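One letter stands for each residue in the lines below.
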Amino acid sequence: MKTTARRFVDFFTNRAAYDRFFKSLRYALYVIVHPFDGFWDLTHEKRGSLAAANFILILSLLTCVFRIEFTTFQFIKVNYERVNFFMEMMGILLPFIIFVVTNWALTTLFDGKGTLKDVWIASAYAMTPYPLVVIPNTIISNFLTEEEDTFNYFFHDFSIVWSALLFISAIMMVHAYSIGKTMLCILFTIVGMAVVIFLLLLFFSLISDAGAYFYSLYKEVIYRLY
Amino acid sequence: MKRLAVLLALILVLAAVSPAAVTQADTGYSYNYDFWGEVANSPDPYAVKATLTHIELGLDKKLSKAQGLFVKDNFIYICDTGNNRIVVIEFADEEYKVAQIIDSFEGAEINTFNSPSDIFVTDDHYFIADTENNRILKLTKDLQFVLEFTKPDDINFDQSITFLPSKLIVDGADRVFCLVKRVNKGVVKYENDGHFNGFVGATPVTYDLFDYIWKTWIASDAQADAMADFVPTEYDNIAVDNEGFMYVCTTNFYEGSLGDGGVNPIRRLNSLGNDILIQNGDWYVIGDVDWTDVGVYTGSSRIVDITALDDGTYFGLDRTRGRIFGYDDQGNILCCFGGNGNKDGYFRMPTAIEHMGHDLLVLDSQDAQLTVFTPTYYGQKIFSAIYEYQQGRYDRSADEWREVLMLNGNNELAYKGIGRALLRQNKYEEAMNYFKIKYDDDNYGDAFQLYRKQWVEDHIVLLFIVILLVLVVPLVIGRIKRVRWEVKRFENDSKKIR
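Residues numbered from 1 in each chain as written. Chains lettered and ligands numbered in written order. Predicted model: local features only at pLDDT ≥ 70, side-chain atom pairs only at ≥ 80, totals over all residues.

Caption draft 1: Region of the structure containing the overall build of chain B. Assigned secondary structure in chain B consists of 10 helices and 25 strands. Computed over the C-alpha atoms, the radius of gyration of chain B is 32 Å, more than 25% above the 23 Å expected from 2.2 N^0.38 for a compact globule of 498 residues. For the C-alpha atoms alone, the extent of chain B along its principal axes is close to 135 × 90 × 45 Å. The buried share of chain B, reckoned over its 498 residues, is 37%. A sequence separation of at least 24 residues applies to 46% of the contacts in chain B between residues at least 6 apart. (Helix = DSSP H or I, 4+ residues; strand = E, 2+ residues; numbered from the N terminus. Rg over C-alpha atoms; globule rule 2.2 N^0.38 Å. Buried ≥ 20, exposed ≤ 12 C-beta atoms within 10 Å, placed from the backbone. Contact = placed C-beta atoms within 7 Å.)

Next up, the structure:
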């Protein structure tokens, strides 16, 4: 019978788990240059892992902050009184979550093969080029002058376009779709995302209204009692 | 107990003394805009030197609806529009005294003025916009009629409108450039013999695509007539700088286009009528960058008059909030000060601004007074820093900017000025620091490029070694691995053979 502490230590010193993690993480480098083959094996051959996917996702969020903070001020000017790094990260994370959930919800109807976990892993792997390109790009930006800003902007945009193409192939392979069906699916996913965002806003608006109602009721009662 | 009493007495004395000290230092509301468009408070660049009403000047009656102001050497000319006269004030021995009152002249049919609204004085002549008499007068200095410029008898000039010249300037060859009420084709230009020569510099016509489509195809004729026409807007005022270029300003524009440079309330026209105003600042030359509607003071700044100083700086007078905005020759905002109110240095209906040296004179038509501003120590330092820079004495300019920075740590131009001087002294790293503080990426880029070049030249050996290591080390490692692998394979093979 193992103690909790022992289990805790085991969890973090499990050599095999680390090997699996690094192997699946390393596989991301194969995926980004062989998207079709790579994404197929990623889910169908279980060569990716949730841990590695989450690692890439968190790395991407940190990259976003890293880019804003450490790119030379010549290219990105930050008003630190107005910028909230948490909100910047949410600007990537929330669309990502909504995309994955909406895509999974749609593809279950469009007989896609992927589960929610598959879509999550594949989408996260598709974001690999972003940290891979942007982190060196940010460091190099500090050795550039304002006239050379084109390099910086080009590589940043390049990483995003690369990621976008990977997203498309990820959806295609995970659900075993044809290219036409993938495009249609992505189109519907974008519409679906808009619907989800609308519903979320409506939901929070109603919740806050309801909250305000009960709060005013509470205040009314308090005033009557005293 | 005794100690407490002493302390109390001390506090009382301090309390009695300090308000005087505070009021002396704090005479106005002066500010500037930082890189993010937020207000950065600043010391007063200008202080009131004198306010001149009819009482101080010893005039028989109050100035009435005074519109025009002109300064030549040490003479100030006020068009006392409502009283149909021109008051000439001489500035001598630090005093402002009435030198002459012009209300009539000799040699024409009508020898008096009717609502004169502007005057321009050359070495030999007066040029007066005699608005309600529909003419511009050219008089000699001893008030003899020379010439009048009347409504052009020309097909380009709309004959249906009454000719009401309001503002004018005169160039070196005695050619008149004037603004006429309800004429929107630009500045009306006359030859020196009184012939109409055409229009100069109409504002570019702006309209958006939606309005165009709506008006052309969707609206009925009656609706289209009721909509605003797509025509140039009228100028409100005109001034001339020492290089002979015209500054014109307009108050008719759509506020929403100010922020993106869609409209230019202040324009500097060359002889072809093109806008050559330099706008290299963080903000367009629009007066207030950010504004809040408070009470009756709503909307953006509306510049009603400009005066261009000899060193290329120019000052605009804002009608909305009674403020004065100063810019340097690159379009960087220097200062904002003044306001609406009844204190000295505040206005109720400012109509005209002029300069005498670095002093500013503002005419207020409703208060019927002339306010004279003179630069404070802080203002003088800014001007001398600009002057030294223009003279090419960059180090001295930087010293002046350092003085400015002591008085106002918010001053953007001071940082840039010091940075530029350091750059010329090849102190790249220090220059970069100054530019970085104020987000001046152009200058920072230049400084950094030089710094980088120098760094590479200084560290060329180190760089070579690093590059060599980066290239050689993997090769060597690869070679060693290869050798080991081959040795191992050889051993394995030889085992098999046995």
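Caption draft 2: Molecular detail of the pairing of strand β19 (residues 303–308) of chain B. Residue and element names in this part refer to chain B. When you tally the buried positions in β19, you get 6 out of 6 residues, the bulk of the element. Here β19 runs beside strand β20 (residues 314–318); their pairing, made up of 5 bridges, is antiparallel. Bridging from a neighbouring strand, isoleucine 303 pairs with aspartate 318 of β20. As consecutive antiparallel partners, β19 and β20 are separated by 5 residues, and within that stretch glycine 312 has a phi angle of approximately 95°, a positive value. (Pairing = 2+ DSSP bridges.)

Caption draft 3: Fine view of the domain arrangement of chain B. The assigned domain composition of chain B is domain 1 (39–204 + 231–375), domain 2 (398–458) and domain 3 (466–498). The straight-line distance from the C-alpha centre of domain 1 of chain B to that of domain 3 of chain B is 87 Å. (Domains from an automatic or database assignment.)

Caption draft 4: Spatial organisation of the nonpolar core. Within the largest apolar cluster, 108 residues are counted, with the highest numbers of intra-cluster contacts made by Ile78, Ile128 and Leu168 of chain B. At 7 residues, helix α7 (residues 412–424) of chain B tops the list of elements feeding residues into this core. Composition of this core by domain shows at least three residues from each of domain 1 (39–204 + 231–375) and domain 2 (398–458) of chain B. The next biggest cluster of nonpolar side chains, apart from the first, holds 31 residues, and it includes Leu42, Val100, Ala122 and Ala124 of chain A. (Core = buried A, V, L, I, M, F, W, Y, C linked by C-beta atoms within 7 Å.)

Caption draft 5: Fine view of the interface of chain A and chain B. If you look at the interface, chain A gives 8 residues, while chain B gives 10 residues. The residue inventory of the side of chain A that touches chain B, partitioned by class, reads 2 nonpolar, 3 polar and 3 charged. (Nonpolar A, V, L, I, M, F, W, Y, C, P; charged D, E, K, R; others polar.)

Caption draft 6: Representation of the pairing of strand β12 (residues 165–170) of chain B. Residues and elements named next belong to chain B. Across the 6 residues of β12, 6 count as buried, placing the element largely inside the fold. By the bridge criterion, 5 bridges tie β12 to strand β13 (residues 176–180) in an arrangement that is antiparallel. Looking across to β13, one finds that isoleucine 169 is bridged to phenylalanine 177. Between β12 and β13, which pair antiparallel in sequence order, lie 5 residues; one of them, aspartate 174, sits at a positive phi of approximately 65°.

Caption draft 7: Local environment of the packing of helix α5 (residues 85–109) of chain A against helix α6 (residues 116–126) of chain A. Residue and element names in this part refer to chain A. With their axes 9 Å apart at the nearest point, α5 and α6 run at an angle of 140° to one another. By the angle class used here, α5 and α6 are oblique. Handedness of the α5/α6 crossing: right-handed. On the side of α5, the interface is formed by Phe96, Phe99, Val100, Asn103 and Trp104, while α6 contributes Leu116, Val119, Trp120 and Ser123. (Axes fitted to C-alpha atoms, helices over the stretch in contact; angles between N-to-C directions. Parallel < 35°, antiparallel > 145°, perpendicular 65-115°, else oblique. Left-handed = near helix turned anticlockwise from the far one by under 90°.)

Caption draft 8: Quick peek at the sheet that holds β13 of chain B. All names here are of chain B. Here 4 strands make up an open sheet; going across it, the order is β12-β13-β14-β15 and the pairing antiparallel. Across the chains shown, the open sheet's two edge strands, defined by having one partner strand only, are β12 and β15 (196–200). For this sheet the average axis-to-axis angle between neighbouring strands, irrespective of direction, equals 30°. Here strand β14 (residues 187–190) runs beside β15; their pairing, made up of 4 bridges, is antiparallel. Across the sheet, residue tyrosine 190 finds its bridge partner in β15, namely phenylalanine 196.

Caption draft 9: Up close: the sheet that holds strand β11 (residues 145–149) of chain B. Residue and element names in this part refer to chain B. Spatial ordering of the open sheet is given by β8-β9-β10-β11, a layout of 4 strands whose pairing is antiparallel. Only two strands of the sheet have a single partner each, and these edge strands are β8 (116–121) and β11. On average, each strand axis in the sheet is inclined to that of its neighbour by 20°, with strand direction left out of account. Pairing between strand β9 (residues 125–130) and strand β10 (residues 135–140): 6 bridges, direction antiparallel. Considered in β10, the bridge of alanine 129 is made with isoleucine 136.

Caption draft 10: Examining the environment of phenylalanine 196 of chain B more closely. All names here are of chain B. Relative to the helices and strands, phenylalanine 196 is located in strand β15. Of the residues examined, phenylalanine 196 has 18 C-beta atoms within 10 Å and is grouped as partly exposed. Taking the C-alpha atoms as reference points, phenylalanine 196 and leucine 422, separated by 226 residues in sequence, lie 53 Å from one another.

Caption draft 11: Spatial organisation of unusual backbone geometry. Residues and elements named next belong to chain B. Positive phi is not limited to glycine here, since lysine 65 has a value of about 45°. Turning to its location among the elements, lysine 65 is positioned in the loop between α2 (54–57) and β4 (68–72). The exposure class assigned to lysine 65 is partly exposed, which follows from the 16 C-beta atoms found within 10 Å. The backbone phi angle of asparagine 134 is positive, close to 55°, even though this residue is not glycine. Within the secondary structure, asparagine 134 sits in the loop between β9 and β10.

Caption draft 12: A look at the packing of helix α6 (residues 394–407) of chain B against α7 of chain B. Residues and elements named next belong to chain B. Look at α6 against α7: their axes get within 8 Å of each other, and the N-to-C directions meet at 150°. Regarding the angle of α6 to α7, the classification is roughly antiparallel. The crossing of α6 and α7 is left-handed. Two secondary-structure elements touch here, α6 through Tyr394, Asp395, Ser397, Ala398, Trp401, Arg402, Val404 and Leu405 and α7 through Ala414, Gly417, Ile418, Arg420, Ala421 and Arg424. Per-class residue counts for the contact of α6 with α7 are 8 nonpolar, 2 polar and 4 charged.

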